[in-house]
Amino acid sequence: MTDDSKYTCQTVTHVHTWVPDKLFSVRVTRDDAYAFLPGQFARVGLPEADAPGGDPTLWRAYSMVSAPHEPWLEFYSIVVPEGLFSPRMARLQPGDSLYVEKAPYGFLTLERFAPGGDLWLLASGTGLSAYLSILRDPAAWRAYRRIILVHGVRTAAELAYREEIESWRRQPGLAELFATDPQKLIYLPIATREPLPGMPQERLTTLIADGRLEQLAGQSLDPEHAKVMLCGNPAMLADARKLLGERGFKPGRRGIPGNLAVENYW
Ligand SMILES: Cc1cc2nc3c(=O)[nH]c(=O)nc-3n(C[C@H](O)[C@H](O)[C@H](O)COP(=O)(O)OP(=O)(O)OC[C@H]3O[C@@H](n4cnc5c(N)ncnc54)[C@H](O)[C@@H]3O)c2cc1C
Ligand SMILES: NC(=O)c1ccc[n+]([C@@H]2O[C@H](COP(=O)([O-])OP(=O)(O)OC[C@H]3O[C@@H](n4cnc5c(N)ncnc54)[C@H](OP(=O)(O)O)[C@@H]3O)[C@@H](O)[C@H]2O)c1
């Protein structure tokens with residue numbers, strides 16, 4: 001690898017399994033020169049399976065879970081059993097190499113919105129990744145009145161990072177904000193394939209359409225005051241975009257900030 005190469009070689013330091021054979025996260029070292037905005041994604045690479053010491057040839061996009069101030073990079077991933085990349089990424093161990101393109105990518109960032117109002121972060125599955133980076137960064141907490149984080153998954157076990165999310169209200173720096181407004185963060189975990197206590201067993205799009213998402217949040221999803229991010233499954237994004245478009249939510253254009261930002265994962 002030469003200095004003018006497009007990527008750097010990083011070393012895996014931690015691997016965490018959330019759901020065996022389905023969900024895991026990986027932490028790797030971070031190049032000093034690698035800078036990004038919360039919500040952006042990296043292109044990460046691996047060599048061919050039969051040439052583990054060779055140059056990386058397989059590349060995939062992964063949202064950063066880690067915040068820009070954290071000295072490592074963290075990624076949260078699905079295992080697609082028939083996929084070329086994710087099963088191999090799931091087998092990485094501390095000490096192994098993971099390649100990272102030098103440039104970060106993506107526009108699912110708070111720069112898309114004017115500050116103020118409520119920030120709604122709607123994810124299906126691993127779409128949560130980008131929001132963790134955004135919420136690990138203190139700036140988001142200051143820029144919006146309230147943050148409503150909705151995580152739609154198939155089963156309760158897939159509510160990854162739930163403990164971390166629920167611990168933010170006690171975290172120094174954030175606890176003060178929760179003392180002023182206990183509803184600063186409204187976290188709504190939604191499961192579709194098993195019941196979760198106190199929560200409807202429905203897709204988040206159904207809950208948008210019938211008004212129950214607003215009831216659960218205790219906030220109105222109104223384009224005057226709300227900014228919405230959508231991330232994850234493209235079918236969920238398409239359905240949610242349609243519902244939100246009918247309510248008057250629009251992406252920004254030519255430097256004019258909007259109130260809707262989306263990122264497809266496949
Ligand atoms: C901008 C961007 C950011 C992304 N960030 C993440 C991330 O943070 N975490 C992550 O796990 N993936 C993320 N992905 C998807 C990731 O790039 C890979 O597609 C995924 O890891 C599977 O790789 P694969 O080679 O095993 O299968 P692929 O051949 O890439 O995908 C095969 C099929 O698997 C399904 N699939 C792919 N990704 C997912 C997923 N995340 N959840 C459920 N089903 C999926 C789709 O049906 C897809 O057609 C992102 C994709 C994009 C475009
Ligand atoms: N046993 C397994 O299931 C298993 C094991 C290992 C790996 N995998 C891999 O995991 C992938 C699925 O990952 P995942 O469960 O994180 O993602 P997902 O299929 O996108 O499901 C995540 C959540 O999004 C919801 N959803 C899907 N389409 C929607 C739409 N159009 N509108 C609103 N909500 C929608 C799902 O609801 P619904 O439940 O109603 O669809 C679910 O609650 C599979 O493709 C497979 O490759 C699966």
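Source: prediction; values computed, not measured.

A word on the packing of aromatic side chains
Applying the stated criterion across every chain, the model contains 11 aromatic pairs. On the numbers, 5.9 Å between centres and 40° between planes, the contact of Y34 with F36 is tilted. A residue is classified by how much of its surface remains accessible, and F36, at 7% relative accessible area, is buried. One Lys or Arg, R27, reaches over the ring of W72 and ends 3.9 Å from the middle of that ring.

Focus on the site of ligand 2
By nearness alone, 20 residues border ligand 2, and K22, T192, R193, R203 and N233 come closest of all. R154 is positioned with one of its side-chain polar atoms (N or O) 2.9 Å from an oxygen atom of ligand 2. Between ligand 2 and T192 there is a distance of 2.6 Å, counted from an oxygen atom to a side-chain nitrogen or oxygen. Considered on its own, ligand 2 offers 910 Å² of accessible surface; in the complex 75% of this is hidden by protein. Of all the elements in the fold, those that place two or more residues in the shell around ligand 2 are strand 8 (147-153) and helix 8 (234-246).

Some details on unusual backbone geometry
Despite not being glycine, D21 has its phi angle at roughly 65°, a positive value. As for its placement among the helices and strands, D21 is situated in the loop between strand 1 (7-19) and strand 2 (23-29). At Y161, a residue that is not glycine, the phi angle is positive and equals roughly 65°. Mapped onto the fold, Y161 is located in the loop between strand 8 and helix 4 (162-167).

Let's talk about the domain arrangement of the chain
Each domain of the chain was delimited in the assignment, giving domain 1 (7-101) and domain 2 (110-264). Centre-to-centre separation of domain 1 and domain 2, based on C-alpha positions: 25 Å. The interface of domain 1 with domain 2 comprises 22 residues on the first partner and 17 residues on the second. Put simply, domain 1 and domain 2 have three salt bridges between them. Here R136 and E74 are joined by a salt bridge, their closest N and O atoms 3.2 Å apart. Taken together, the connections running from domain 1 to domain 2 amount to seven residue pairs in polar contact (both at pLDDT 80 or more). Contributing elements (two or more residues each) for the side of domain 1 that touches domain 2: strand 1, strand 2 and strand 5 (72-78). Here the residues of the side of domain 1 that touches domain 2 sort into 13 nonpolar, six polar and three charged.

A few points about the pairing of strand 8
In terms of burial, strand 8 is a largely internal element, seven of the seven residues being buried. With six bridges connecting them, strand 7 (residues 118-124) and strand 8 associate as parallel partners. The partner of A123 across the bridge, within strand 8, is H151. Sheet topology places strand 8 next to strand 9 (residues 185-191); seven bridges connect them, and they run parallel. Each bridged residue has a counterpart across the sheet, and for V153 the counterpart in strand 9 is A191.

Things to note about the nonpolar core
Side chains of a nonpolar character, in soluble globular proteins, are inclined to be buried together. Grouped together as the largest cluster of nonpolar side chains are 59 residues, with contacts concentrated most on Y131 and L135. Two domains share this core, each providing at least three of its residues, namely domain 1 (7-101) and domain 2 (110-264). When sequence neighbours within four positions are dropped, the list of residues in contact with Y131 reads L108, L121, L122, A123, L149, M229, L230 and C231. Counting residues in hydrophobic clusters, the runner-up holds 20 residues, among them F24, V44, L46 and L98.

Focus on the site of ligand 1
A61, Y62, Y76, S86 and T126 are the nearest of the 20 residues found near ligand 1. Taking Y76, its main chain carries an N or O atom lying 2.7 Å from a nitrogen atom of ligand 1. The contact in question runs from an oxygen atom of ligand 1 to an N or O atom on the side chain of W266, over 3.3 Å. Contact with the protein chains removes 76% of the 860 Å² of surface that ligand 1 exposes when unbound. Elements with a minimum of two residues in the shell around ligand 1: strand 4 (56-63), strand 5, helix 1 (86-90) and strand 11 (260-264). If you tally residues by element for the shell around ligand 1, the top one is strand 4, at four residues. Tallied by class, the residues present in the shell around ligand 1 amount to 11 nonpolar, seven polar and two charged. Viewed by domain, the shell around ligand 1 spans two of them, domain 1 (7-101) and domain 2 (110-264), each represented by three or more residues.

What counts and what doesn't
- Residues numbered from 1 in each chain as written.
- Chains lettered and ligands numbered in written order.
- Predicted model: local features only at pLDDT ≥ 70, side-chain atom pairs only at ≥ 80, totals over all residues.
- Heavy atoms only, no water.
- Phe/Tyr/Trp six-rings, centres within 6.5 Å; stacked < 30°, edge-to-face > 60°.
- Buried < 20%, exposed > 50% of the residue type's maximum accessible area, 1.4 Å probe, protein only.
- Lys NZ or Arg CZ within 6 Å of the ring centre and 35° of its normal.
- Near = heavy atom within 4 Å.
- Polar contact = N/O pair within 3.5 Å; in protein donor to acceptor, adjacent residues only side chain to side chain.
- Areas by Shrake-Rupley, 256 points an atom, 1.4 Å probe, with all protein chains shown as cover.
- Helix = DSSP H or I, 4+ residues; strand = E, 2+ residues; numbered from the N terminus.
- Domains from an automatic or database assignment.
- Contact = heavy atoms within 4.5 Å.
- Salt bridge = Lys/Arg side-chain N within 4 Å of Asp/Glu carboxyl O.
- Nonpolar A, V, L, I, M, F, W, Y, C, P; charged D, E, K, R; others polar.
- Pairing = 2+ DSSP bridges.
- Core = buried A, V, L, I, M, F, W, Y, C linked by side-chain atoms within 4.5 Å.

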